[in-house]
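Working through the structure, step by step
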Amino acid sequence: SGHYGRANHTNGTNGTNGHETSNFSHSSPFPGFGTHAAHHGSAPDKGDFAPIVPPISLSTTFKQSAPGVCPKYDYSRAGNPTRTAFEECIAKLEGGTHAMATSSGLAATSLIINLLKSGDHILCCDDVYGGTNRYFNKVVSRFGIEIDMVDPTDLVHYETKIKDNTALVWLETPTNPMLKICDIKAIVAIVERKFEGKEMPIIVSDNTFASPYFQRPLELGATLSLSSVTKYINGHTDVCMGVIATKNEDLAERLRFLQLAVGPAPSPFDCYLALRGARTLHLRMRQHETNSLAVANWLEKGEKAKYVSKVIHPGLPSHPQHELAKRQMKGFSGMCSFVILGGIEEATLFLQSLKVFALAESLGGYESLAELPSVMTHASVPADQRAKLGISDSLIRLSVGIEEPEDLIADLAQAFDVVYAKKQ
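Residues numbered from 1 in each chain as written. Predicted model: local features only at pLDDT ≥ 70, side-chain atom pairs only at ≥ 80, totals over all residues. Heavy atoms only, no water.

1. Some thoughts on the overall build of the protein chain
A tally of regular secondary structure across the protein chain gives 13 helices and 12 strands. Relative to the compact-globule value of 22 Å for 424 residues, the protein chain shows a C-alpha radius of gyration of 22 Å, a close match. Each of the three principal axes of the protein chain carries a C-alpha extent, and together these read 80 × 55 × 40 Å. Split into buried and exposed, the 424 residues of the protein chain put 57% on the buried side. Taking the contacts inside the protein chain whose residues are at least 6 apart along the sequence as the reference set, 73% of them involve residues at least 24 apart. Roughly 17200 Å² of accessible area belongs to the protein chain as shown, and the carbon and sulfur atoms make up 53% of that amount. Taking the average location of the 40 positive side-chain charges in the protein chain and that of its 45 negative ones, the two points are 2 Å from each other. (Helix = DSSP H or I, 4+ residues; strand = E, 2+ residues; numbered from the N terminus. Rg over C-alpha atoms; globule rule 2.2 N^0.38 Å. Buried < 20%, exposed > 50% of the residue type's maximum accessible area, 1.4 Å probe, protein only. Contact = heavy atoms within 4.5 Å. Areas by Shrake-Rupley, 256 points an atom, 1.4 Å probe, with all protein chains shown as cover. Lys, Arg positive; Asp, Glu negative; His and termini not counted. Charge placed at Lys NZ, Arg CZ, Asp CG, Glu CD.)

2. Topic: the nonpolar core
Membership of the largest hydrophobic core comes to 43 residues, with the highest contact counts inside it found for Ile-112, Ile-122, Phe-136, Leu-168, Trp-170 and Leu-255. Beyond its immediate sequence surroundings of up to four residues, Trp-170 is in contact with Thr-109, Ile-112, Ile-122, Leu-123, Cys-124, Cys-125, Val-128, Thr-132, Phe-136, Val-204, Asp-206 and Leu-226. (Core = buried A, V, L, I, M, F, W, Y, C linked by side-chain atoms within 4.5 Å.)

3. Observations concerning empty space enclosed by the protein
For the structure on display, the rule yields 2 cavities of 30 Å³ or more. Approximately 40 Å³ is the volume found for the second largest cavity. Pro-174, Leu-179, His-313, Pro-314, Met-329, Phe-332, Ser-333 and Met-335 together form the lining of the second largest cavity. In the lining of the second largest cavity, the residues fall into 6 nonpolar, 2 polar and no charged. (1 Å grid on protein atoms, 1.4 Å probe; cavity = no way out; pocket = protein on both sides within 12 Å on 5 of 7 lines; lining within 4 Å. Points joined across faces, edges and corners; volume = space filled by probe spheres on them. Nonpolar A, V, L, I, M, F, W, Y, C, P; charged D, E, K, R; others polar.)

4. Observations concerning the packing of helix α3 (residues 105-113) against helix α4 (residues 130-138)
Taken N-terminus to C-terminus, the directions of α3 and α4 make an angle of 35°; their axes are 11 Å apart at the nearest point. α3 and α4 meet at a crossing whose hand is right-handed. Residues Leu-106, Thr-109, Ser-110 and Ile-113 of α3 touch α4, and the partners they reach there are Gly-131, Thr-132, Tyr-135 and Phe-136. (Axes fitted to C-alpha atoms, helices over the stretch in contact; angles between N-to-C directions. Left-handed = near helix turned anticlockwise from the far one by under 90°.)

5. Quick notes on the confidence of the model for the protein chain
Per-residue confidence for the protein chain gives a mean pLDDT of 92, with 92% of residues at or over 70. Predicted confidence for residues 1-28 stays below pLDDT 50, and this span has 76 contacts to residues more than four positions away or in other chains. (pLDDT = per-residue confidence, 0-100.)

6. Here we look at the environment of Asp-127
Take Asp-127: it is sitting in the loop between β2 (121-125) and α4. Sequence separation between Asp-127 and Phe-62 is 65 residues; the distance between their C-alpha atoms is 44 Å. When near neighbours in sequence (up to four residues on either side) are disregarded, Asp-127 contacts Glu-172, Thr-175, Asn-176, Pro-177, Met-178, Leu-179, Lys-180, Leu-389 and Ile-391. Here Thr-175 takes part through its side chain, which lies 2.5 Å from a polar atom of the side chain of Asp-127. A polar contact is formed between the side chain of Asp-127 and the backbone nitrogen of Met-178, at a distance of 3.0 Å. (Polar contact = N/O pair within 3.5 Å; in protein donor to acceptor, adjacent residues only side chain to side chain.)

7. Things to note about the sheet that holds strand β12 (residues 395-399)
Pairing is mixed across the open sheet formed by 5 strands, whose spatial order is β8-β9-β12-β11-β10. Unpaired on one side and paired on the other, β8 (308-312) and β10 (358-359) mark the two borders of the sheet. Here 2 bridges tie β10 to strand β11 (residues 369-371), and the two strands are oriented parallel to one another. Bridging from a neighbouring strand, Leu-359 pairs with Ala-370 of β11. (Pairing = 2+ DSSP bridges.)

8. Structural notes on the packing of aromatic side chains
Under the defined criterion, the tally for this structure stands at 12 aromatic pairs. An angle of 45° between the planes, with centres 6.1 Å apart, marks the rings of Trp-298 and Phe-416 as tilted. Of this pair, Trp-298 sits in helix α9 (residues 281-301) while Phe-416 sits in helix α13 (residues 405-421); the two residues are 118 residues apart in sequence, bridging distant segments of the chain. Considered together, Trp-298 and Phe-416 belong to a single accessibility category, that of buried residues. By the ring-pair criterion, three or more aromatic residues cluster together here, those being Trp-298, Tyr-307, Phe-338, Phe-350, Phe-416 and Tyr-420. Cation over ring: Lys-231 sits above Tyr-129, and NZ or CZ is 5.9 Å from the ring centre. (Phe/Tyr/Trp six-rings, centres within 6.5 Å; stacked < 30°, edge-to-face > 60°. Lys NZ or Arg CZ within 6 Å of the ring centre and 35° of its normal.)

9. Considering the packing of helix α2 (residues 81-93) against helix α8 (residues 268-278)
α8 packs onto α2 with a crossing angle of 30° between their chain directions and a minimal axis gap of 8 Å. If you check the angle between α2 and α8, you find them roughly parallel. The two elements α2 and α8 cross, and the hand of that crossing is left-handed. Counted together, Thr-82, Arg-83, Ala-85, Phe-86, Cys-89 and Ile-90 of α2 and Pro-268, Cys-271, Tyr-272, Ala-274, Leu-275 and Ala-278 of α8 form the full contact between these two elements. Its residues assigned to classes, the contact of α2 with α8 comprises 10 nonpolar, 1 polar and 1 charged. (Parallel < 35°, antiparallel > 145°, perpendicular 65-115°, else oblique.)

10. Quick look at the side chain of His-319
Looking at where His-319 falls in the secondary structure, it is placed in the loop between β8 and α10 (322-328). With a relative accessible area of 7%, His-319 lands in the buried category. For His-319, the side chain forms a polar contact with the main-chain oxygen of Leu-179, separated by 2.7 Å. Setting aside residues no more than four positions away along its own chain, His-319 makes contact with Leu-179, Ile-181, Ile-312, His-313 and Pro-314.

11. Some words on the pairing of strand β3 (residues 146-150)
Sheet analysis places β2 next to β3, joined by 5 bridges and oriented parallel. By the bridge assignment, Cys-124 is partnered in β3 with Met-149. For the crossover that starts at β2, traverses α4 and ends in the parallel β3, the hand is right-handed. (Right-handed = clockwise from strand over helix to strand, strands pointing away.)

Next comes the structure, spelled out in structure tokens:
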């Protein structure tokens, strides 16, 4: 079963919590991933000084040999050597041929939206990052672009929402924060059938929650794979960046033009840090997976399970799309959501009582974070939408880091004790 033995995806017990894990068999991760992560974007033989680590190029402008005769770079908004090194690495890790880095994940989203025009239609999955929902419905909708938010797990209903003017299909898988799985291959097939003989919509898959280590949307038929680099790719909670990867030459050219024309350029220093983070992505993701599965199993079956009404993790057999997740993904990240018994009072006290997990927004760093989406990351989502999705005041989202799993479980256990000791 390849690398899955490391994550305990076999019959038996998980040594961390003593509970059954899923019966899981998978192929190995994408061939050569760790080697590409460690080396791609570095070219010591190209430079005069043969540096192993690509240098940080801070210059905003570059000397021209004659007026209008540029070397590879002319102005840093359009391109920069440090940014190129990062983009080359991510393109390889995503199984693409091009990558375009931006100053944030939402900047990457806005770059894609700039490919559209008034009168176009966006078909977006209903459960997405709160910032994506806010941007689409409170900003993009003002420019004559239609937006429908549809449950991607109901493919029959989903197909009825595709329109003749659908220009962009926006997927996010796993979704944030409900961890639904979009069947990328099936949705691509539906769109292709609907648009047979016509110009195809752009199909974007937000890969932030999976990372390219566990999922490659481009190999499943997506046109673009987008990630908030801020999260797993950088992995150290000290960079705000985004990236778009593709195999489509035309879209790559158009997006590079938009990098220049719209201007969401990341700094060279951030590109350097993000590339350094990407070098260890494969190592970190393995531990995120091991830890999140240990935590999810404990929440579902451990001694404090009586305080939890629902655990959501695609790696659990109880997840309604567990089999799809196993087919589509090579493994799982550190994301896990659960519903605590009670309401906002219990959820708040629980979150305030954590000592190893930090109460904070964001995710994907080496450290464990916990948050309440209804009043934090998804507060901007209208209350009726939150209720329909299940984003209640009792839903807690965990970003499980790379600490020792037994310490994370002990921290959760003591926080449950604080909450429910006061109730007894």
